[in-house]
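An overview of the molecular structure
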Amino acid sequence: MNYYVAVDSGGTFSDCVVIGESGEMWTGKAPSTPPSFQLGVVDAVRDAASVMGMSLQELLGSTALFSHGTTVATNALLTRQGCRTAVITTRGHEDAILIGRTYQKVAGLSSDEVMDYSRHEKATPAYDPRYVRGVVERVDYAGNIVVPLSMVSLAAIEGELEAAGIEAVAVSLLWSFANPQHERQIRDYLLERHPQWVVTLSSELTPVIGEYERTATTAINAYLSIETKTYMNKLKSLLAEEGYRHRPLVMKSSGGIASIEHAMETPVALLTSGPAGGVMGAATLGGRLGQRNILTTDVGGTSFDVGMIVQGEPVFAQSPVFSKYQVTYPMIEVDSIGAGGGSIAWVEEGTGLLKVGPRSAGAVPGPVCYGRGGTQPTVTDANLVLGRMNPDFFLGGKHRLDAAGARRSMEPLAARLGIGVEELALGIVEIADSHMGDLVRKMSVEKGYDPASFALYAFGGAGPLHVCGYTRGTGIETAVIPPMSSVFSAYGIVQSDPAAVAEETLTLVLPCEPAALASALGRLQERALAELRDIAASFETIEIRREVLIRYQGQKQGVPVACDYPLQSAADIQRLMDDYDRVYEQQYGKGTAYRKAGLRISGLRVKAAAVQPPRSYSPGGGRAVAEPEPQYRDVYYRETGGWRATPFYVFDELPVGFDRQGPAIIISNHTTIYVAPDYSVRLDEGRNLVLTNNEGGDAT
């Protein structure tokens, strides 16, 4: 039998999903192993193999496709552990990346963080600021060479970089996306003399307008190149040693899988690799359940990630921010905050207020209750103190949690605040839930959508434990918890198709000649298809999605408008303009469209996906026909002002149609589902748990 295997390597755990040819599905989970993340990846596969009654070698030897989502690039950027990187730009523009935009000091900060002026600072450079060099050359906006590339100035720069021990070079010249000739000449010159260097060209990585963003993206890609390549090679070698006979594939932030070689060349494309898998998994499951508008929420050990699917398609980010840098590479929009099971509780000096996160215990040492040396109380410890977790059934009983240790870690904080340990634990959980709920509202309301009109999917190791808390007060009435929720990003990766997204800047005034727009979209389509051919020579079915970014005259950013029809006549252009008005009013409100301002095209995006046969799965379990007898354990509630005996159910023992009012706790091998007193829970035919807020989702 052939198997499809995917692993999502996160900050705390590595998650594995295996799907067989006939639809059986197995899952595995293992602690992440920084800095050697490849070991945790293989450990997760080994855990799934043991569930299947196989050895690791037997499973990998029978695996037809191995796909991977990774945080290695993200971790290297956040911790500034990339390689020594230089930047070459057009002379006179050396300070552009340092100056940034006026908002760079607050880029990526929440509204509360923006008000804290001590956090107004520019990004720590993801390059060596001593080696930003300007080369003599100039290309104008139309791509005409105004000043030829000076090889004398380039030779002088090359000598300086060699003496400095530079390992990677980012080349981002002014208007190079209109004419890449000079950038290519620079690369050829440098690699001829230093074949060990990594050279990234902005004209190939991100050929779009925006000098600062393009340069920052190129610099980040170069900065992460060696760390990413080293990790990928180690993973590929380890998988081969254990019996895998094919090329591994890697999940990209744009929502498709690519060859491992392509991933090595474009590490910036991996910055939301795992979270993108969760969004794609939600799109797949939503298609089965008939839900086309979905908010995705992923609670892990270190972060809370929110994505959005509108009319069955993931929403792409207009200007994603990573470590205070705006990035222009195409990515599914996933907004994150530092709130997860490992978020540390602390008291702010000066105010005496209880704070939760963004500092995290991470995978090592982890929460106190894991017994790995953690000393600071976390959200997971708080849930355990409240009785919401069974300490004897963590990871299906493979690891016992230290409830007494979790309680002891909270006693100093509780004494400092003058409250009981249970009240402190409730406060920790409620603060974390509040932060998460704020992000859910931000992702939906600020884009012009009513969250009540969306289904919400809760996944990640801690998502089902907190979903009642972060949906309450948002207007969302129903939340869906998939049966593989604790490894859902890995599920999304195993379901993802090979795909490529290509973008470029195009400035045209509408209405325009149809041929000019059609020709530009055709060029982008060829770029995307060329990337697909890097995985395989041909595919049975390839789907193309074309988008035109349009804006009103005077606006900065364009709004993407789908263009799935040929552009052959003036009527087609008129249809495109009408579609833009409709999409604009959907996002910003009825009556906001103003055609008299004039319309301009600002860019294009084409996605090519090699659609594979669906990898259906059988959720398993559900053999029982009657509701099982629960085990009762005490849980602490604010609603009742104390402890209350609460039924604990085992997920695999629940029959389809199981339906009850909260409070209740449902435990599975890899997660715990907390059903609050004001929620009810039902198990549908696909073994998805559907939680309903009996008070309509409004704040209580």
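So, how was this worked out
Residues numbered from 1 in each chain as written. Predicted model: local features only at pLDDT ≥ 70, side-chain atom pairs only at ≥ 80, totals over all residues. Heavy atoms only, no water. Helix = DSSP H or I, 4+ residues; strand = E, 2+ residues; numbered from the N terminus. Rg over C-alpha atoms; globule rule 2.2 N^0.38 Å. Buried < 20%, exposed > 50% of the residue type's maximum accessible area, 1.4 Å probe, protein only. Contact = heavy atoms within 4.5 Å. Areas by Shrake-Rupley, 256 points an atom, 1.4 Å probe, with all protein chains shown as cover. Salt bridge = Lys/Arg side-chain N within 4 Å of Asp/Glu carboxyl O. Pairing = 2+ DSSP bridges. Axes fitted to C-alpha atoms, helices over the stretch in contact; angles between N-to-C directions. Expected span 1.5 Å × (residues − 1). Core = buried A, V, L, I, M, F, W, Y, C linked by side-chain atoms within 4.5 Å. Phe/Tyr/Trp six-rings, centres within 6.5 Å; stacked < 30°, edge-to-face > 60°. Lys NZ or Arg CZ within 6 Å of the ring centre and 35° of its normal. Parallel < 35°, antiparallel > 145°, perpendicular 65-115°, else oblique. Left-handed = near helix turned anticlockwise from the far one by under 90°. Nonpolar A, V, L, I, M, F, W, Y, C, P; charged D, E, K, R; others polar.

When its secondary structure is counted, the protein shows 18 helices and 33 strands. The C-alpha atoms of the protein give a radius of gyration of 26 Å, which matches the 27 Å a tight globule of 700 residues would have. Dimensions along the principal axes, computed over C-alpha positions, put the protein at roughly 80 × 60 × 60 Å. Each of the 700 residues in the protein was classed as buried or not, and the buried ones make up 57%. Once local pairs closer than 6 in sequence are excluded, the contacts in the protein between residues at least 24 apart make up 68%. A total of about 27,500 Å² of accessible surface is found on the protein, and carbon and sulfur atoms cover 49% of it.

Below, the discussion takes up the pattern of salt bridges. As a working rule, side chains carrying opposite charge can pair if their charged atoms are close by. Overall, the coordinates contain 27 salt bridges when judged by the stated rule. One salt bridge connects Lys442 with Asp335, and the closest N-O pair in it is separated by 3.5 Å. Here Asp335 lies in strand S18 (residues 334–337) and Lys442 lies in helix H14 (residues 421–445), a separation of 107 residues in the sequence. The partner of Arg472 in a salt bridge is Asp678, and the shortest N-O contact between them spans 2.8 Å. Within this pair, whereas Arg472 is found in the loop between helix H15 (463–471) and strand S22 (478–481), its partner Asp678 is found in the loop between strand S31 (672–675) and strand S32 (679–683), the two being separated by 206 residues in sequence. Relative accessible area serves as the criterion here: at 11%, Asp678 is assigned to the buried category. One continuous salt-bridge network, built from bridges that share partners, spans Glu503, Arg545, Glu547 and Arg605.

So, about the environment of Asn233. Structurally, Asn233 is set in helix H9 (residues 211–241). Asn233 sits 31 residues away from Met264 along the chain, and the two C-alpha atoms are 8.8 Å apart.

Let us look at the sheet that holds strand S4 (residues 63–69). An order of S3-S2-S1-S4-S11-S12 is seen for the six strands of this open sheet, with the pairing classed as mixed. One side of each edge strand has no neighbouring strand; the edge strands of this open sheet are strand S3 (25–31) and strand S12 (257–259). Strand-to-strand twist in this sheet, taken as the mean axis angle between neighbours without regard to direction, amounts to 25°. Packing against the sheet, helix H16 (residues 488–495) makes contact with strand S1 (3–9), strand S2 (13–20), S3, S4, strand S11 (249–251) and S12, and its axis sits at approximately 135° to S1.

Turning our eyes to something else, we now look at the sheet that holds strand S28 (residues 642–650). Across the sheet, which stays open at both edges, the four strands sit in the order S27-S28-S30-S31 with mixed pairing between neighbours. Edge strands, defined here as strands with exactly one partner in the open sheet, are strand S27 (631–637) and S31. Strand-to-strand twist across the sheet, computed as the mean angle between neighbouring axes with direction ignored, equals 30°.

What follows covers the environment of Gly20. Within the secondary structure, Gly20 is located in strand S2. Residues Gly20 and Asn2, 18 residues apart in the sequence, show an inter-C-alpha distance of 6.4 Å. Leave out the neighbours within four places in its chain, and Gly20 touches Met1, Asn2, Tyr3 and Trp26.

Another point: helix H18 (residues 570–588). Residues that lie three or four places apart on an α-helix share one face, since the helix turns once every 3.6 residues. Helix length check: H18, at 19 residues, gives a terminal C-alpha distance of 27 Å against a target of 27 Å (1.5 Å per residue), a fit within 8%. Among the residues making up H18, those that are buried are Asp572, Ile573, Leu576, Met577, Asp579, Tyr580, Asp581, Val583 and Tyr584. The elements touched by buried residues of H18 are strand S23 (499–510), helix H17 (514–532), strand S24 (542–552), strand S25 (559–562) and strand S26 (599–610). At the C-terminal side of H18, Gly589 shows a positive phi close to 115°.

Quick look at the side chain of Glu531 now. Mapped onto the fold, Glu531 is located in helix H17. Look at Glu531 and you get buried, because its relative accessible area is 15%. In contact with Glu531, not counting residues within four places along its chain, are Lys252, His262, Ala499 and Ala500.

Counting residues in hydrophobic clusters, the biggest one holds 71 residues, and the most contacted among them are Phe304, Ile428, Leu456, Tyr470, Ile666, Leu689 and Leu691. Apart from the residues within four sequence positions on either side, Leu456 is in contact with Leu295, Thr297, Val440, Val467, Tyr470, Thr471, Ile476, Thr478, Ala479 and Val480.

Checked against the element boundaries, Asn383 lands in helix H12 (residues 379–385). The class of Asn383 is buried, set by a relative accessible area of 1%.

Before going further, it helps to examine the packing of aromatic side chains. Per the stated rule, a full pass over the model turns up 16 aromatic pairs. Judged by centre distance (5.7 Å) and plane angle (50°), the ring pair of Tyr580 and Tyr584 falls under tilted. Here the residue Tyr580 and the residue Tyr584 both occupy positions in helix H18, the gap between them amounting to four residues, near one helical turn. Ring centres of Tyr584 and Tyr588 lie 4.7 Å apart, and the angle between their planes is 40°; this geometry places the pair in the tilted category. Placement of the pair is Tyr584 and Tyr588 together in helix H18, with a separation of four residues, close to one helical turn. Relative accessible area serves as the criterion here: at 10%, Tyr584 is assigned to the buried category. For Tyr588, a relative accessible area of 43% gives the class partly exposed. Members of the aromatic cluster, each reached through a chain of ring pairs, are Tyr552, Tyr580, Tyr584 and Tyr588. Over the ring of Tyr189 we find Arg193, and its NZ or CZ is 3.6 Å from the ring centre. If you follow Arg359 out to its NZ or CZ, it ends over the ring of Trp346, 4.5 Å from the centre.

On to the packing of H14 against H15, then. Where H14 meets H15, the closest approach of the two axes is 8 Å, and the angle between their N-to-C directions is 65°. In terms of axis orientation, H14 runs roughly perpendicular to H15. Helix-helix and strand crossings are classified by hand; for H14 and H15 the assignment is right-handed. Touching Val429, Asp433, Met436, Gly437 and Val440 of H14 are His466, Gly469 and Tyr470, all from H15. Looking at the contact of H14 with H15 residue by residue, the classes come out as four nonpolar, three polar and one charged.

Nothing here speaks to function; it is all geometry.
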